[in-house]
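Reading the structure
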Amino acid sequence: MNAFQTVAEFKAYRKSIIENHKKHPAKPCLVICGGTGGQASGSNDLIRIIKRRILEQNLQDKLALRITGCLGFCEMDPFIIVEPGYNLYPKLKMVDVSRIVDAAVKGEVVEELLYREPGSTVKRFTEQDIPFFQGQTRIVLGQNQHLDPIRISNYLKTGGYEALEKALEKPDGNWIVEEILKSRLRGRGGAGFLTGKKWELARNVNKGHTPKYIICNADEGDPGAYMDRSMLEGNPHAVIEGMIIAAIAIGANNGIIYVRTEYPLAIKHASIALREARRLDLLGKNILGTSIDFDIEIFQGAGAFVCGEETALIKSIEGKMGEPRQRPPFPIQKGLFGHPTCINNVETLSNIPYIIKHGADEYLKIGTANNSGTKIFSLVGKIKNTGLVEVPLGTPISTVVYDIGGGPSGSAKIKAIQTGGPSGGCIPSSMFDLPIDYDSLAKAGSIMGSGGMIVMDQNTCMVDVAKYFMNFLKDESCGKCFTCRKGTQRLHEILEDITRGKGTSGHLILLDELAQTVKDTTMCGLGQTAANPVLSTLRYFRDEYERHINDKRCDAFVCKELTGAPCQAACPVDTEPWHYVALVEKGEYEEAYRVIRSANPFPAVSSRVCDRKCESRCNLGISGGEAVGIRAIKRFVTDRIDSSAYKPKLGRKKKQEIAVVGAGPAGVTAAHCLSLLGYGVTVFEAEDRPGGMLSCSLPSYRLPKNIVEKEIKTLLNKNIKVEYGRALGKDLTIQDLQQKFSAIFLSIGAHESWPLNLENEDVEGVFPSIQFLKAFNMRGEELARGHVGVIGGGNSAVDAARVALRQKEVISVSLLYRRTREEMPAYEEEIDAALEEGVRIETLISPVKIHVRQEEIEAAIREGVELETLVTPIKIYSKEGRVVGIECIKNRLGEIDASGRRKPTPIPGSEFRLELDTLIVAIGEKPKSEFLAHMGLEIDKGGRIKINRKTLETSMKGVFAGGDLVTGPNTVIDAIATGKKAAQSIDRFLQNKPLTIPATPKLPSIFIEPAAVDETAAQALRRVEPAVLPPSARIKNFREVTMALPEDQARAECRRCLRCDLAFTSKQTIGQPMAVAMGGVQHD
Amino acid sequence: MDTKNILDIIKKHNKNKVSLISILEEIQGAYTYLPEKALRLLAKETGCSLTDIYGVATFYKTFSLKPKGKHCVSVCLGTACHVRGAQNIVEEFKRELSISPGETTPDNEITLETVNCLGACALGPTVVSDGQYFPHVSKSSVKEIITRTKGGGRSIAAEADIRIFPLQVSCPLCGKSLMDHDYIINGHPSVKFNVSMNGKKVWLRMSCLYGKHTVELENQLPPNELSRFHCPHCHNEFPSFSTCPECGASMAALFVREKCSWEVCMRQGCQGHILNLDQINLHKKSDKGKNK
């Protein structure tokens, strides 16, 4: 017996379900995802508890539960949405579920469990308030929320199969083809062929003859894309309805859903849906009493990426190897078993019911002219809100990445997105204005593909990404075309060489040529697009390739053979932190000191003020634990061991004399290193003492003066002469020096503060931070009094604020910063300035970085500094020539700027006045350079000396320059590194050797027996932080705030080290450096 | 390897060459790999050349010619997982298990595999062990996954776990309780009703714990065959509203809290069941199409 004799009967039934649904007052309903993502995150557990609660409390009349497929916001799984209020409770734990059940019954909201943006305290009461959902147009995916995929009645209730009814009422399918043509729907599988066109061809071929096939391609092989799985899991009837309509349109009577075997839940839900549809006579012979016969079966793909290609897919269904064949004939003419076959993607088919139901005109309103409708993307990778995102075609990438996706997942900036899977390419963040549509993406060297959008940040290595895809493709190439089979393999080998430090400059040309050849000489889509990952990364990230090849560096710390132990690789002066940490663990403190000192002439200074690039790259911190407190361990060693433990060897005296200008850390380091090589060095210093920024800028509560003096004293020897009070440009010129010295190193620092460029900035009581700090540190003058305002967010702003707080006549100190506190100590003004000038700044960012820098601010706040963020000063008020206050305007975070952060944008009308007695401007420092230009040095348009960054040569022969003078304000450790590099370059210059040395990766080379370490235990242990003076004991004085670790704590901290070096040195693993103990990539 | 079993699979597909991949999938499902003997048999029965079968069996990633261990751990190496450090997870598994992907531990416990993409990209790095997904895997969680895999996945202690709870079950037709307070299963009164198959009638007792599948039968019934469930009081057959999500057979609806239904698959050996909180109104069950 048939369930329905006619379409009209079905219509009546369908309507009765809808009516019935409308009649009953809607109970509150808990909606929860039971898709693969939800289940993987534990939604099944929540579902059980909800059911239990409902039954135990006898709530079944008052509360409904709907288990749906994927809702798209997978980052927040497992989550519950409560209707009718659409309150979203993210990342739920089992213990919280009963509270939500109880509240939902009463129509209440559990506020503390509501969704809020990561890092924000603002609660979002409804789903529609959440930026992730706000930015989307979910005409396809949105249905998932309203139905339980294993119940056909749910689909009917939401208007399902209405389109099919319409299609069956006019049995000649031509109008359907016309409508789809009109809608300009393009294939969502990636190629973007007009679906209507395909159907038209399919309809007209062998008209009236059977069999004809319609195949739904759910062989979602693109790694990183999962919308087809989610559709099939979450709304299988939409796909089925689309297929039936397609069958009517083209006259097919056999349907096949070709689905990956890796998607068991999708297979299950599709099977149930097919069964249910058959039960209601929507499939089978004489559908709903019409003359149309059509049924669908499921075919499970056995795992081959190439089977996404239509001819290969067909071979696979025929029971053969999935090798593509030459087209034409196209499957439309000669497909499965030689019969006409129309292949459409899951998402394409899911769009069909919408178009038929609402009409093509309605559909055309979404998207842009040639790219109508929406597209679902799987937004994954290094992004805050991972999940499925459906947006109108033509939406800019930035909207998807920043507004919907919420920006980067960690603190590292987003560098690129990869679209289109292995056949696609990478698009750099500078092009994020690009509208996402088939044509724009293709022009940019990528493709739409099935909609994977993988976000990559600075901790992603683009060469490694290219290698990853080549590895994938060489495995997945079916092998039929020689160029694809061998080409992808060779491309992979070359990339492998580059990531292992064996790259040569010829490799880039070869890659380019080979990629082009593969593209031009292969038969199917896989081969023709296989080169895209290489070509697009070469196009946009050539500098990364060059860095791997020329400098043997992977700045993302991904390529292991170039990284070695990350702590060592991160250190600008090549210290081996793992080495001395291992020695301290054994109690060999003197040897540890020698390890530190052999790389770094300023161990005691560094142990206090180094910005700890080593810790920010520590694998322990990156793999879920807390980074080893390397600097604190170094402090422990340098406090305990006298510098005499390391006796540098003085080389035989050479006849050449060298001039070093500036006795900061760069200058002193250069002088020291050159003196050891036997050169006579004369250091010229403008001030009355050495140290540069160490003495004049860094406050003594961070870096005691005696430490600086003592450390510099040990570096001076009989080969070094220092002349104080001798300033370049005033007391001497480069030309003077050139007459007497064989080489000159300029390292005079950056001593000029950036002005605010506001009126009255020159009145009394307004100080540039450098002037303020210098006056105090060098001469003991206390310039601040009364209420003090400090403008800026960098380290010197925080230093100035804390120094002001310690001055006698100061009442209060406010720190005013135009961005948020999270972004605070990022040297951002310098970054902005440098970016404008085209300087590339390496920013090493990772989870602990924030922690490291934030503690200075934390300390300032504890001492009583008031912090005001998101404000910009716009006016300085003065009275009788002295500052009396400032006017500020409040900011909100606006568009994303070039640095990948949201730009502070003033809020009109939010101006407010602040009464001040002292204003310190600390928005950054810059070097003075005009006078250098007069002496003949070439200056770039940003006012900095032009140098060769690798050798530090200036435009004048024999004159070298480095440090803040060249880079702008930088860290102490970078200055020391520059000094070392200068010494090396000058030495080679004087010996007439080529200045550049071929780079080699710096890998651990000495084996140190490890203590028995349980890695899991190490991850569980907390990092030991050194003790600090309590605020009460440190305000109004300059005692050193941070103390050294006691011995037992220092050694315990060392035991937490994962000893990444062992992978390169231990006896068992020699010869296989990819070995075990290494981890390298970030997962935030 | 059971020759009859293989022959059954081949026969099910009408010895059709075209169904080669489906046949191989079923054989692999039954034996975790494709035994050489099975492939030879397949060649003989279908007339497909062994070369072609070998070609197909080695072309597709799913198929394995080597036996697999008791448990299977797959690490996803999709792009999303890759950029979040999946390679390190593989390295960690290699270290912990001392085997490479594609290999099985010498004690035959665990086979380690990598897979191109599981489609759970938001949860990366993802690992699937015997069908159970582990999201956001870090190096430190690898050990635990191995332990849990060896222990048979998510083992639930029924007494302590809030996810497991007893149901009070009654007949939807006569309303009488089906609980047998004298016969305890899993520490709770059992649910008792009658089962019939081909004229044979036996009683069935099952655990009333939702989530446990302990079933006791008076006499064994042939597995995988369909049976019918009857009320021991009114002797009517329980109504059926839906088909089993696992196997597609009809499910019997038992009542919980009067109108909610606990639907249990009537195929012997199938554990398919749904606890349905939607209210079922028996008087309306003559809905067209619902009761075909």
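Just so it is clear, the model here is predicted, and its values are computed rather than measured. Within each chain, residue numbers correspond to sequence positions counted from 1 in written order. Just so you know, chain letters begin at A and ligand numbers begin at 1, following the order they were written in. Where local features are concerned, this predicted model is filtered to residues with pLDDT of at least 70; where side-chain atom pairs are given and counted, the filter is 80 or more; whole-chain, interface and lining totals use all residues.

Topic: the overall build of chain B
Filter applied, for reference: By the criteria applied, helices consist of DSSP H or I runs no shorter than four residues and strands consist of E runs no shorter than two, each listed in order from the N terminus. With C-beta atoms placed from the backbone, a residue is labelled by how many other C-beta atoms lie within 10 Å of its own: buried for 20 or more, exposed for 12 or fewer, partly exposed between the two.
Within chain B, the secondary structure is distributed over 7 helices and 15 strands. Overall size of chain B, expressed as C-alpha extent along the three principal axes, is 60 × 50 × 40 Å. When each of the 292 residues of chain B is scored for burial, the buried share is 39%.

Quick word on the overall build of chain A
Threshold: Put simply, the radius of gyration uses C-alpha atoms, and a globule should come to 2.2 Å times the residue count raised to 0.38. A pair of residues counts as a contact when their C-beta atoms, built from backbone coordinates, are separated by no more than 7 Å.
Regarding its fold elements, chain A presents 46 helices and 33 strands. Here the C-alpha radius of gyration of chain A, 34 Å, is about what a compact globule of 1084 residues would show, namely 31 Å. Looking at the 1084 residues of chain A, the share that counts as buried comes to 56%. Excluding contacts between residues fewer than 6 apart, the proportion of contacts in chain A whose partners are at least 24 apart in sequence is 73%.

Some details on the nonpolar core
In summary, soluble globular proteins display a tendency toward joint burial of nonpolar side chains. Note the following rule: For this entry, the nonpolar core is defined as buried Ala, Val, Leu, Ile, Met, Phe, Trp, Tyr and Cys residues connected by C-beta atoms within 7 Å.
Within the largest apolar cluster, 402 residues are counted, with the highest numbers of intra-cluster contacts made by Ile245(A), Ala246(A), Val584(A), Ile744(A), Val790(A), Ala801(A) and Ala804(A). Among all residues touching Ala246(A), those that are not within four sequence positions of it are Trp199(A), Ile214(A), Cys342(A), Asn344(A), Leu349(A) and Ile352(A).

A short note on the sheet that holds strand β3 (residues 80–83) of chain A
Residues and elements named next belong to chain A. What counts here: Each pair of strands is called paired provided DSSP finds at least two bridges between the two strands. Lines fitted to C-alpha atoms define the axes here, with helix axes fitted over just the stretch in contact, and angles between the N-to-C directions of these axes take values from 0 to 180 degrees.
The strand order β2-β1-β3-β4 describes an open sheet built from 4 strands, whose pairing is mixed. Every interior strand has two partners, whereas the edge strands, β2 (64–68) and β4 (87–89), have only one. Sheet twist, expressed as the mean angle between neighbouring strand axes with direction ignored, is 20°. Here 4 bridges tie strand β1 (residues 29–33) to β3, and the two strands are oriented antiparallel to one another. Following the sheet pairing, Ile-32 is matched in β3 by Ile-80. Helix α3 (residues 43–56) contacts β1 and β2 of the sheet and is inclined by roughly 160° relative to β1.

Considerations on the domain arrangement of chain B
Frequently, the measure chosen for interface size is the accessible area removed from exposure when the parts meet. Under the convention used in this document: Where each domain starts and ends comes from a domain assignment, either automatic or drawn from a database.
By domain assignment, chain B separates into domain 1 (3–59), domain 2 (71–150) and domain 3 (165–284). Domain 1 of chain B and domain 3 of chain B are separated by 37 Å when their C-alpha centres are compared.

Overview of the domain arrangement of chain A
Residues and elements named next belong to chain A. What counts here: Only Asp, Glu, Lys and Arg are considered charged, only Ala, Val, Leu, Ile, Met, Phe, Trp, Tyr, Cys and Pro nonpolar, and every remaining residue, Gly among them, polar.
Structurally, chain A comprises domain 1 (27–83 + 87–125), domain 2 (145–365), domain 3 (461–563), domain 4 (564–646 + 1003–1069), domain 5 (657–751 + 927–990) and domain 6 (752–926). A C-alpha centroid distance of 29 Å is found between domain 4 and domain 5. In this complex, domain 4 contributes 18 residues to the contact, which on the side of domain 5 involves 23 residues. Sort the elements by how many residues they give to the side of domain 4 that touches domain 5 and helix α28 (residues 603–609) lands first, with 5 residues. Of the residues assigned to the side of domain 4 that touches domain 5, the class counts are 10 nonpolar, 3 polar and 5 charged.

Here's the deal with the environment of Asp130(B)
Residues and elements named next belong to chain B. By the element assignment, Asp-130 lies in the loop between β3 (127–129) and β4 (132–134). Owing to 15 C-beta atoms within 10 Å, Asp-130 belongs among the partly exposed residues under this scheme. Along the sequence, Asp-130 and Glu-246 sit 116 residues apart, while their C-alpha atoms lie 17 Å from each other.

With respect to the interface of chain A and chain B
Of the residues lining the interface, 71 residues belong to chain A; the matching set on chain B comes to 58 residues. The set of elements that each furnish at least two residues to the side of chain A that touches chain B consists of α2 (36–40), α3, β2, α12 (264–279), β13 (374–381), β17 (452–457), α18 (462–476) and α43 (1015–1020) of chain A. When residues in the side of chain A that touches chain B are grouped by element, the largest group, 7 residues, is from α3(A). When grouped by side-chain class, the residues that make up the side of chain A that touches chain B number 29 nonpolar, 28 polar and 14 charged.

Details of the confidence of the model for chain B
Low pLDDT means the predicted coordinates in that region are not meant to be read closely. Applicable threshold: Residue-level confidence of the predictor, termed pLDDT, takes values from 0 up to 100.
When pLDDT is averaged along chain B, the result is 86, and 92% of the positions lie at 70 or above. Overall fold confidence (pTM) sits at 0.87, and the ipTM for the predicted complex is 0.91.

Side note on the pairing of β13(A)
Residues and elements named next belong to chain A. Judged by how many residues are buried, β13 sits mostly within the fold: 8 of 8 residues are covered. Bridging between β13 and strand β14 (residues 387–392) involves 6 bridges; their strand directions are antiparallel. Note that in β14 the partner of Ser-378 across the bridge is Leu-388. In sequence, β13 turns back onto β14 through a hairpin of 5 residues. For β13 and β17, the ladder comprises 4 bridges, and the chain directions are parallel. Along β17, the bridge assignment pairs Val-380 with Ile-454.

Examining helix α19 (residues 482–499) of chain A
Helical geometry: 3.6 residues make up each α-helical turn, so side chains three or four residues apart lie on a common side. Residues and elements named next belong to chain A. Heads up, the rule is: By definition here, a helix of n residues has an expected span of 1.5 Å times n minus one. This arc describes the spread of directions from the helix axis toward the C-beta atoms.
Over its 18 residues, α19 runs 25 Å from end to end, which matches the ideal 26 Å to within 8%, given 1.5 Å per residue. Within the sequence span of α19, burial applies to Cys-484, Gly-487, Thr-488, Leu-491, His-492, Ile-494, Leu-495, Ile-498 and Thr-499. Take α19 and look down its axis: the buried residues cluster within an arc of 165°, on one side only. For α19, the elements touching its buried residues are α18, α20 (505–520), α21 (525–530), α22 (532–540) and α23 (542–550). Directly beyond the C-terminal end of α19, a positive phi value near 85° is found at Gly-501.

Quick notes on the sheet that holds strand β31 (residues 918–921) of chain A
Residue and element names in this part refer to chain A. The 5 strands lie next to each other as β23-β31-β24-β25-β26, forming an open sheet whose pairing is parallel. Each edge of the open sheet is held by one strand with a lone partner, namely β23 (766–768) and β26 (866–869). Between one strand axis and the next, the sheet turns by 20° as a mean value, whatever way the strands run. Where strand β24 (residues 786–791) meets strand β25 (residues 810–817), 6 bridges bridge the pair, whose relative direction is parallel. Considered in β25, the bridge of Ile-791 is made with Leu-816. Where helix α36 (residues 769–779) meets the sheet, it contacts β23 and β31, and its direction lies at approximately 85° from that of β23. Lying on the sheet, helix α37 (residues 795–805) is in contact with β24, β25 and β31; it crosses β25 at an angle near 170°.

Concerning the environment of Val518(A)
Residue and element names in this part refer to chain A. Topologically, Val-518 is positioned in helix α20. Taking the C-beta count within 10 Å as the criterion, Val-518 has 27 such neighbours and is therefore assigned buried. Each C-alpha atom, one on Val-518 and one on Thr-529, is 8.4 Å from the other, the two residues being 11 residues apart in sequence. In this view, Val-518 contacts Thr-483, Cys-484, Gly-487, Thr-488, Gly-527, Ala-530 and Ala-531; residues no more than four positions away in its chain are not counted.

A few points about unusual backbone geometry
Most peptide bonds take the trans form, and the phi angle of most residues other than glycine is negative. Residues and elements named next belong to chain A. Note the cis peptide between Arg-327 and Pro-328, where omega equals -10°. Considering the arrangement of structural elements, one finds Pro-328 in the loop between α13 (310–317) and β10 (341–345). Here Pro-328 and Pro-329 are connected by a cis peptide whose omega angle stands at 0°. By the secondary structure assignment, Pro-329 is in the loop between α13 and β10. The backbone phi angle of Asp-281 is positive, close to 60°, even though this residue is not glycine. Here Asp-281 is to be found in the loop between α12 and β9 (295–301).

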